[in-house]
Amino acid sequence: MESTVAGMHEDRLLLGPGPSEPYPEAMEALARPVLGHLDPEYLAVIREIREQLQQVFRTGNELTLPVSGTGSSGMEACLASLLEVGDTIIVGVNGYFGERLCEVARRGGAEVVRVEAPWGTPIDPADLVAAQQANPQAAVLAVVAAETSTGVRNDVAPIGPALAQTDTLLLVDAVTALGGTQLEVDAWQIDASYSASQKCLGAPPGLAPVTLGPRAVARMKARKTPVRSFYLDLGLLHEYFLASPPTYHHTASSTLAYSLHAGLGRLLEEGVEQVWARHDRIGRLLQSALPELGFGLIAPESHRLPQLTATTLPNGLDEGSLRKRLLAEYGIEVGGGLGDFAGRAWRIGLMGHAATERSVVTLLGAVRELLA
Ligand SMILES: *Cc1c(COP(=O)(O)O)cnc(C)c1O
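Residues numbered from 1 in each chain as written. Predicted model: local features only at pLDDT ≥ 70, side-chain atom pairs only at ≥ 80, totals over all residues. Heavy atoms only, no water.

As named in an unreviewed UniProt entry, the protein chain is Serine--pyruvate transaminase, taken from Pseudonocardia dioxanivorans. Under the UniProt heading Sequence similarities (unreviewed entry), the note attached to the protein chain is "Belongs to the class-V pyridoxal-phosphate-dependent aminotransferase family." (UniProt positions renumbered as here; feature names shortened; annotations may be inferred.)

K.L.:
How would you sum up the sheet that holds strand S10 (residues 207–212)? Please name residues and give values.
P.N.:
Adjacent strands of a sheet form backbone hydrogen bonds with each other and so pair up, either parallel or antiparallel. In space, the seven strands of this open sheet follow the order S2-S10-S9-S8-S5-S3-S4, with mixed pairing throughout. Since the sheet does not close on itself, it has two edges, and those belong to strand S2 (63–68) and strand S4 (111–116), each with one partner. Within the sheet, the average angular offset between the axes of one strand and its neighbour, ignoring direction, is 20°. The pairing of strand S3 (residues 88–93) with S4 spans six bridges and is classified as parallel. Pairing of Val91 across the sheet is with Arg114, part of S4. Sitting on the sheet, helix H4 (residues 96–107) is in contact with S3, S4, strand S5 (140–144), strand S8 (169–173) and strand S9 (192–194), with an inclination near 160° to S3. The sheet contacts of helix H5 (residues 125–134) involve S3, S4 and S5, and relative to S3 the element is tilted by about 165°. (Pairing = 2+ DSSP bridges. Helix = DSSP H or I, 4+ residues; strand = E, 2+ residues; numbered from the N terminus. Axes fitted to C-alpha atoms, helices over the stretch in contact; angles between N-to-C directions. Contact = heavy atoms within 4.5 Å.)

K.L.:
Give a detailed account of the pattern of salt bridges, specifying residues and quantitative values.
P.N.:
In the structure shown here, the tally under the stated rule is 14 salt bridges. A salt bridge links Arg278 to Glu270, with the shortest nitrogen-to-oxygen separation between them at 2.7 Å. Judged by its relative accessible area of 12%, Arg278 is buried. Taken together, the salt bridges that share partners define one network made up of Arg58, Glu184 and Glu273. (Salt bridge = Lys/Arg side-chain N within 4 Å of Asp/Glu carboxyl O. Buried < 20%, exposed > 50% of the residue type's maximum accessible area, 1.4 Å probe, protein only.)

K.L.:
How would you explain the site of the ligand if you had to name every residue and give the values?
P.N.:
Inspection of the region around the ligand gives Thr70, Gly71, Ser72, Phe97, Val144, Ala146, Thr148, Asp173, Val175, Thr176, Gln198 and Lys199 as its neighbouring residues. Side-chain polar atom of Thr148 to an oxygen atom of the ligand: 2.4 Å apart, as the coordinates give it. Between Lys199 and the ligand, the recorded distance is 2.7 Å, taken from a side-chain N or O atom to an oxygen atom. For the ligand, whose free accessible area comes to 370 Å², the fraction covered by protein is 90%. Partitioning the shell around the ligand into residue classes produces four nonpolar, six polar and two charged. (Near = heavy atom within 4 Å. Polar contact = N/O pair within 3.5 Å; in protein donor to acceptor, adjacent residues only side chain to side chain. Areas by Shrake-Rupley, 256 points an atom, 1.4 Å probe, with all protein chains shown as cover. Nonpolar A, V, L, I, M, F, W, Y, C, P; charged D, E, K, R; others polar.)

K.L.:
Describe the pairing of S2, with residues and values.
P.N.:
Counting buried positions along S2 yields six of six residues, so the element is predominantly enclosed. Residues of S2 alternate between two faces, with Leu63, Leu65 and Val67 on one and Thr64, Pro66 and Ser68 on the opposite face, all of them buried. In terms of strand pairing, S2 meets S10 through six bridges, oriented antiparallel. Looking at S10, one finds that Thr64 is bridged to Thr211.

Here's what the structure looks like:
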């Protein structure tokens, strides 16, 4: 277990904030022969992935596709495609990924209006709606559904209806939410959303599912300036996947597409609501056991995510050295705290294939031994 020599097969249990344990089907699919990015078979897989993602995002949006790259590429693709230089974006910030949304938008030339809540607490959706009323010119309002840095769930459902009669689009970061906890793109009137293959969807990292609704597509079509990123232009990507005959945009990976397809297939076989229920049950199992060991739960119960638990360590323990021993001696990965919680917290992910009793029992057993 100590060697890090290339070629050694490390046996890990991935219980951090991502990547999570992929489903075996998603790993087996990686061994399929490579297809060209214009091969009709590859494009057929993409079309099936679109149908699968529509079910997981709970949407009929035609523009639903996997963007090449990790979750951050989905974030960049949405911001680059929906914003023009000088546009205003309102961003809910109560953790690391809200901060990243601000940073990416700012680099793209947008004016950022921040709506903040302290790390570890949820954003009040009424504050976001009030910010929109104060900035009715805002092109986009963005919020992170599941803040992976703190384990906090932000309420998304009330926002969409409040924006529906305005010109402000609702963009939701669903990187850790999708396939883990309830997310309803159509019913909640979400205009755009992005996720990642390696959190609750049960595939390895490398693809970012994105969906855009009719208002977002219309916004893209009405742009006065071209999207500044060629690679992440969602209009061009949509054309690439749809055009007949297909035309080259970039060399999209059939290998990762097969893998995501297999992971989503496994998820849908279980059922979207059943997968939410499993994450809920397994997350609560861990969260009910941690306080007995002296760990504290950072997120308030009403807004505590099941798939990501941010937890403070028992008094006097050094999180970094304990976390390193967990990895070195037991092969179990958990994440360290970020931002306000750096140096004093862990982030434990129970996502996708790792959302099982076995993960919880294994982790708690190892932690008990380390504390003894
Ligand atoms: C992980 C994560 C991201 C970034 O995804 P990468 O795959 O690391 O690029 C964005 N938002 C949230 C909420 C995340 O958890």
